[in-house]
Amino acid sequence: MSSTVKEISQILGNNDNGEKISLLSNLTKITDSEIIKQIISALDDEEIHVRGEAFSSLFLNDNDISEVLISSLTNESKNIRGYSALILANRGNTNSINALIDLTKDKSGMVRSCAFGALGHLRANQARKEIHNGIFDDNIEVKKSAAFATYLIGEKLSELEKRELEKQNDNDFEKILKWWTGRDLNP
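Residues numbered from 1 in each chain as written. Predicted model: local features only at pLDDT ≥ 70, side-chain atom pairs only at ≥ 80, totals over all residues. Heavy atoms only, no water.

Enquirer: Sorry, what's going on with the overall build of the protein chain here?
Expert: When you go through the protein chain residue by residue, the secondary structure sums to 12 helices and zero strands. For the protein chain, the sequential pattern of α-helices and β-strands runs α-α-α-α-α-α-α-α-α-α-α-α. Considering only C-alpha atoms, the protein chain reaches an extent of 55 × 30 × 30 Å along its principal axes. Residues classed as buried in the protein chain amount to 48% of the 187 residues present. A sequence separation of at least 24 residues applies to 61% of the contacts in the protein chain between residues at least 6 apart. For the protein chain, the exposed area adds up to about 9900 Å²; of that, 45% sits on carbon and sulfur atoms. (Helix = DSSP H or I, 4+ residues; strand = E, 2+ residues; numbered from the N terminus. Buried < 20%, exposed > 50% of the residue type's maximum accessible area, 1.4 Å probe, protein only. Contact = heavy atoms within 4.5 Å. Areas by Shrake-Rupley, 256 points an atom, 1.4 Å probe, with all protein chains shown as cover.)

Dropping the structure here:
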């Protein structure tokens, strides 16, 4: 499928979700950075299926699109920042680690959670300080992502961190704490 940036923009800007999904599913081999930006903009679509197809299109793209994805980590949309972080992690883009570390201080809890998840997935040991700090975040989902990232990078929890997780009274934290004690080594 050969579409211009203008045509793609028009389709992604209309209300026909089926047409958007069909278009996005055919854009997995794109190298044009302007079209990549259009696909990234669909990560903020109102329809979850459109966002999912945009995510898949970017994830499945075998071309080096990391520069455009990294630049989207500063987008005003929390959806674009968060999902771009996850796409970069799933693509194994370790060159995004510094930008992901910056996202651990984002104003959006969802974005911070995605950033910690991405750093854990990338086994970003250089982010150990930020990951440990994330355990004390006010947002419970951020705490979960940071705690699991701590596990993924092979770090030990301090006693203070263990107490912080235990006081959450949440099954996910109980699982994370079990992994460290060796009772369940299959997270």
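Enquirer: Would you explain the packing of helix α6 (residues 78-90) against helix α8 (residues 109-121) in this entry?
Expert: Pairs of packed helices are described in terms of their axes, by the angle between the two and the distance that separates them. Across the interface, α6 lies against α8 with an axial gap of 9 Å and an inter-helix angle of 5°. One finds that α6 runs roughly parallel with respect to α8. Contacts between α6 and α8 involve Lys78, Asn79, Arg81, Gly82, Ala85, Leu86, Ala89 and Asn90 from the former and Met110, Val111, Cys114, Ala118 and His121 from the latter. A per-class count over the contact of α6 with α8 returns seven nonpolar, four polar and two charged. (Axes fitted to C-alpha atoms, helices over the stretch in contact; angles between N-to-C directions. Parallel < 35°, antiparallel > 145°, perpendicular 65-115°, else oblique. Nonpolar A, V, L, I, M, F, W, Y, C, P; charged D, E, K, R; others polar.)

Enquirer: I keep staring at the pattern of salt bridges and nothing clicks. Help me out?
Expert: Pairing between side chains of opposite charge can happen when the charged atoms of each approach one another. The full count for this structure, using the stated rule, is nine salt bridges. One salt bridge in this structure joins Asp106 and Arg81, with 2.8 Å as the shortest N-O distance. Of this pair, Asp106 sits in the loop between α7 (97-103) and α8 while Arg81 sits in helix α6, placing them 25 residues apart in sequence. The pair Asp106 / Arg81 is uniform in exposure class, with both members buried. Between Glu164 and Lys167 there is a salt bridge, with the nearest N and O atoms lying 3.2 Å from each other. By relative accessible area, which is 12% here, Glu164 ends up buried. (Salt bridge = Lys/Arg side-chain N within 4 Å of Asp/Glu carboxyl O.)

Enquirer: Which parts of the structure should I look at to understand the environment of Ile35?
Expert: Turning to its location among the elements, Ile35 is positioned in helix α3 (residues 33-41). In this structure the C-alpha to C-alpha distance between Ile35 and Lys6, which are 29 residues apart in sequence, comes to 9.1 Å.

Enquirer: Can you help me understand α6 in this one?
Expert: Because each turn of an α-helix spans 3.6 residues, side chains separated by three or four positions end up pointing in the same direction. For α6, built from 13 residues, the straight-helix expectation of 18 Å at 1.5 Å per residue is met to within 8% by its first-to-last C-alpha distance of 18 Å. The inward-facing, buried residues of α6 abut α3, α4 (48-60), α5 (66-71), α7 and α8. A side-chain oxygen of the first residue of α6 lies 3.2 Å from the backbone nitrogen of Asn79; this N-cap is Ser77. (Expected span 1.5 Å × (residues − 1). Polar contact = N/O pair within 3.5 Å; in protein donor to acceptor, adjacent residues only side chain to side chain.)

Enquirer: Please clarify how the packing of α3 against α4 should be interpreted in this entry.
Expert: Following both chains from N to C, one finds α3 and α4 inclined at 140°, their axes separated by 8 Å at the closest point. Residues Ile36, Ile39 and Ile40 of α3 touch α4, and the partners they reach there are Ala54, Ser57 and Leu58. In terms of residue class, the contact of α3 with α4 is made up of five nonpolar, one polar and no charged.

So yeah, pure geometry; function would need other evidence.
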